[in-house]
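Each chain, letter by letter, is given below.
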Amino acid sequence: MRLFLKHMLFASLVFIGLSLLISFASLWALRQGSFYKPSFLEYQVEASKFDYIVLGSSIGLTTLNTEVIDSVLGTRGLNLSMDDTALSSQYMMLEHFIASGKQTNICVLAASILDYDVVNNRLSGNDYRFLPYGSRTYVQDYYKSFSGRPAQILFYSKWFPMLGIGYYNTELFYPSIVSLIDSKKRNRFNAFGNYSYPEVSKESKSIEARRELKVAFKNPYMQRIQDLCAKHKIQLVVYIPPHKQIKVQPVEMPFHIINHSATLKNTEYFYDVQHVNVLGRQAASLRFAQEVSGLMGF
Amino acid sequence: MLFNSLDFAVFLPIVFVLYWFIFQRSLKWQNLLLLVASYVFYGWWDWRFLGLIMFSTLVDYLVALDLAKQQQLTKRKLLLAISLICNLGLLGFFKYYNFFIESWVDAWESLGINMSVSTLSIILPVGISFYTFQTLSYTIDVYRKQLKPTKNLIQFASYVAFFPQLVAGPIERAKQLLPQFSRPRVFNTDMALSGVSLIIWGLFKKMVVADNCAFFVNQIFDGAGNYSSAELFLGAVLFGFQIYGDFSGYSDIAIGVARLFGFSLMTNFSFPYFSRDIAEFWRRWHISLSTWFRDYLYIPLGGSRGTKWQGIRNVFIVFLVSGFWHGANWTFIIWGGLHGLLFLPLLIQKKNRKYIDATYLKLNQLPRILFTFILVCLAWVFFRADTLSIAWDMLQQIFSFSSGSLVLFYATSKSLLFSLITIFGILVLLFFEFKTVQTNKKEVTLSTSKLIFIALLIVFMGVYKNPSDFIYFQF
């Protein structure tokens, strides 16, 4: 038995040592690259002061084109939206943005419509993208605030990174190799953080009616985002993007709301029910620029 | 409890420590611990079905004790019938009830007569096909006077519910496993180390090979109409690796875990994809089931004795029943029948035992190996497809050779990544197995450095987020 345990102990120690080494190297490589938005922000974005940033889910990512907005307004914007994320992730991204020493005048929040009234938040599908910064307190606190195995894995990755790197191996380990080979490689977004869905629908049909949806901003992360913005003197603007079937009726809030949920009247602008395509993105971005210009002092 | 779960990673060391450090002096307590651990292991999935195992255990325990006392053939047959009815009755109800009802209704509907018979919403208890066959072997062996019944209920119950192999085999014979519960156990370092090696190798097969293959297999079989001939063919090949990695991986882990407790379980897979014909494939694939059917069905039917036609009939019955054992669906029966058909030419030409002793592979045998592998993979289409029509459509599409496009495997960066991981995993599997076959060993053995290498592959190439269930759990 003693020989067996000695053998197992030796093998386990070597295994843990090697997996730790590989995992730390993997996280380091991710931090040195631009594959995901959190490291893109720190590694590739040189500017430190912005007129506005866009925080959001896939909706923010694919609706607002900062290049279009900036070309119209002469501003400097950055899209930090990530697909498959919730309001909690957007709060996290704002924390990360501030922690990276960058500044913005306006924070445009373009989350999923239904997310604004979620009361019980859960870890989002792409929150692992903050793991390269897992040793930072705000990231740890964030992971710790959720229950469930993935959140625990990400939290304990601070000490045992092979947990997170192993669990999310296709999402973290292999991209770290890509980052090592090409540190400028980005995962489906351009140098300004923008991405668009292709124009797949050739259908052109007038949208006659939309279901009305009241949004009351009950999500606790809404208040946290407001507080964080207030603390850093950032003006919060909530942008409700065009939707194919829903017309949003937001309640009065102490922040500015740009409600474009019913502005696009034709199906040709949509990729699916809640996402616009490349045409819709152009139209929505121009419309947004018009409306936001006043806020920016133009 | 799944072998590839965190629960099991906690459960196993606890049982190991209790077994070897707390109860090492008492065989009785060790067996009791194994029994309790086995029931916890099973009850983790659904404790309600523990009653079925206990019932099955009790019936066969009592029947076997009575069989030993009875000399009168009629009474002995009656006792055997009680065991068969109880065990097969439970299996029939939970696994086949709805199938028979639906087939009955379909048969009448095909004649234009509509029937309204409601089916039941029955949950299939995990592992019922495995432990039913295991307990049956005990009673039949006692009936045949090949085995003396045990009077120790704890030992017998531990044999029936032995957690390493309870839910997906190997289906152990009482003759082989039961006596091990009555022997004092001494810790054997080499045995335990080989057990750990098998556990790691089994996890690699399951988590790296099978679960990565599943990424493509599920897409292809769920939307067969959308893919090219080449993609469908590769889907069948990948399912071949998925089911092998999944099932043989489970068996390896089961055998490895049993060794940690001082038990030897039979080899269940012996590198089946290196088979040179279908007969050899069946000597290497799911050996515990094949030999079970050989001993308790094929030989009682007359085996190869009698006329050639009787031999062919017996082989077909075994293959069809084997297919039906896997699941209550015509797809499994056709799969079994197809293997029977593939076996037939060898049987007629008396070549079915050609490779029984030839263990070393030669380069000129590669075409035979590939041919056998392709036949097996094409048959897997019936095994994996949800319905016969889907399987048939897939095979028609494959053989239409309409398109060689493989775009599914590289269309997105994610699919390209999964392709590379899957190919690498399969190559590692084949490399280790080929080396083992060439050295005439029965199982892959890993040195410490190889063990660590494979463990690292599991961490960085395994599927964790959405792992597939072990396929054979559904049987």
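Quick caveat: nothing in here was measured; it's all calculated off a predicted structure.

Things to note about the overall build of chain A
Then, in step 1: Secondary structure summary: chain A contains 11 helices and seven strands in total.
Then, in step 2: Relative to the 2.2 N^0.38 estimate, which gives 19 Å for 298 residues, the radius of gyration of chain A is 21 Å and therefore close to what a compact globule would have.
Then, in step 3: Seen along its three principal axes, the alpha-carbon backbone of chain A occupies a region of about 75 × 45 × 35 Å.
Then, in step 4: For chain A, with 298 residues in total, the buried portion stands at 44%.
Then, in step 5: Partitioning the intrachain contacts of chain A with sequence separation of at least 6 by distance along the chain shows that 76% fall at a separation of at least 24.

Regarding the domain arrangement of chain B
Residue and element names in this part refer to chain B.
Then, in step 1: Domain annotation for chain B reports domain 1 (6-186) and domain 2 (191-276 + 358-474).
Then, in step 2: Between the C-alpha centres of domain 1 and domain 2 there is a distance of 29 Å.
Then, in step 3: Across the contact, 16 residues belong to domain 1 and 17 residues belong to domain 2.
Then, in step 4: Of all elements in the fold, only α1 (6-22) and α7 (174-182) reach the threshold of two or more residues within the side of domain 1 that touches domain 2.
Then, in step 5: Considering every element that reaches the side of domain 1 that touches domain 2, the biggest residue donor is α1, with three residues.
Then, in step 6: Looking at the side of domain 1 that touches domain 2 residue by residue, the class counts come to 10 nonpolar, four polar and two charged.

Details of the nonpolar core
Then, in step 1: I53, C107, V108 and L109 of chain A are the most contacted members of the largest nonpolar core, which has 210 residues in total.
Then, in step 2: Looking at this core, the element that brings in the most residues is helix α8 (residues 189-222) of chain B, giving 19 residues.
Then, in step 3: A domain-level breakdown of this core finds at least three residues from each of domain 1 (6-186) and domain 2 (191-276 + 358-474) of chain B.
Then, in step 4: Excluding residues that lie within four positions of it along the chain, I53 of chain A makes contacts with G77, L78, L80, F97, T104, C107 and V108 of chain A.

Section: the interface of chain B and chain A
Then, in step 1: In this assembly, 17 residues from chain B lie in contact with 18 residues from chain A.
Then, in step 2: Per element, the largest residue contribution to the side of chain B that touches chain A is eight residues, and it comes from helix α17 (residues 448-461) of chain B.
Then, in step 3: Along the lines of polarity and charge, the residues of the side of chain B that touches chain A split into 14 nonpolar, two polar and one charged.

Rules used in this analysis
Residues numbered from 1 in each chain as written. Chains lettered and ligands numbered in written order. Predicted model: local features only at pLDDT ≥ 70, side-chain atom pairs only at ≥ 80, totals over all residues. Helix = DSSP H or I, 4+ residues; strand = E, 2+ residues; numbered from the N terminus. Rg over C-alpha atoms; globule rule 2.2 N^0.38 Å. Buried ≥ 20, exposed ≤ 12 C-beta atoms within 10 Å, placed from the backbone. Contact = placed C-beta atoms within 7 Å. Domains from an automatic or database assignment. Nonpolar A, V, L, I, M, F, W, Y, C, P; charged D, E, K, R; others polar. Core = buried A, V, L, I, M, F, W, Y, C linked by C-beta atoms within 7 Å.

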